[in-house]
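Listed below, chain by chain, are the residues.
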Amino acid sequence: MINFVLTLVYTSVLLLFFAYPAMRISEWLSERYGIDPKWHRPMTIGLTILISLIVAAYLQFG
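Residues numbered from 1 in each chain as written. Predicted model: local features only at pLDDT ≥ 70, side-chain atom pairs only at ≥ 80, totals over all residues. Heavy atoms only, no water.

1. Focus on the packing of helix α2 (residues 19–33) against helix α3 (residues 40–61)
- Put simply, α2 and α3 touch, their axes get as near as 8 Å, and they point 130° apart. Judged on the interaxial angle alone, α3 and α2 are oblique. In the crossing of α2 with α3, the sense of the turn from one axis to the other is right-handed. Across the interface between the two elements, A19, A22, M23, I25, S26, E27, L29 and S30 of α2 pack against H40, M43, T44, L47, T48 and I51 of α3.
- Here the contact of α2 with α3 is built from residues that sort into eight nonpolar, five polar and one charged. (Axes fitted to C-alpha atoms, helices over the stretch in contact; angles between N-to-C directions. Helix = DSSP H or I, 4+ residues; strand = E, 2+ residues; numbered from the N terminus. Parallel < 35°, antiparallel > 145°, perpendicular 65-115°, else oblique. Left-handed = near helix turned anticlockwise from the far one by under 90°. Contact = heavy atoms within 4.5 Å. Nonpolar A, V, L, I, M, F, W, Y, C, P; charged D, E, K, R; others polar.)

2. Overview of the pattern of salt bridges
- Under the defined criterion, the tally for this structure stands at one salt bridge.
- Between E27 and R24 there is a salt bridge, with the nearest N and O atoms lying 3.4 Å from each other. Here E27 and its partner R24 are both found in helix α2, three residues apart, which amounts to about one turn of the helix.
- On the basis of relative accessible area, R24 is assigned to the partly exposed category, the value being 46%. (Salt bridge = Lys/Arg side-chain N within 4 Å of Asp/Glu carboxyl O. Buried < 20%, exposed > 50% of the residue type's maximum accessible area, 1.4 Å probe, protein only.)

3. Focus on α3
- With 22 residues, α3 extends 31 Å from end C-alpha to end C-alpha; this agrees with the ideal 32 Å at 1.5 Å per step.
- Among the residues of α3, M43, T44, L47, T48, I51, S52, A56 and Q60 are the ones counted as buried.
- As for α3, its buried residues are in contact with α1 (2–17) and α2. (Expected span 1.5 Å × (residues − 1).)

Here's what the structure looks like:
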């Protein structure tokens, strides 16, 4: 249980650092695959959370 809590704590801190890379990735995906611009914000939020979770899990268990 404590590993899960620590992973979420790491994720909350990493959200700030990975917002900009997620914006750049979502812009690139929109341009490359012609994704509708209304999906830019949800894709950015989703990518930010996903990247933060991946890095937090790596920090916790790697």
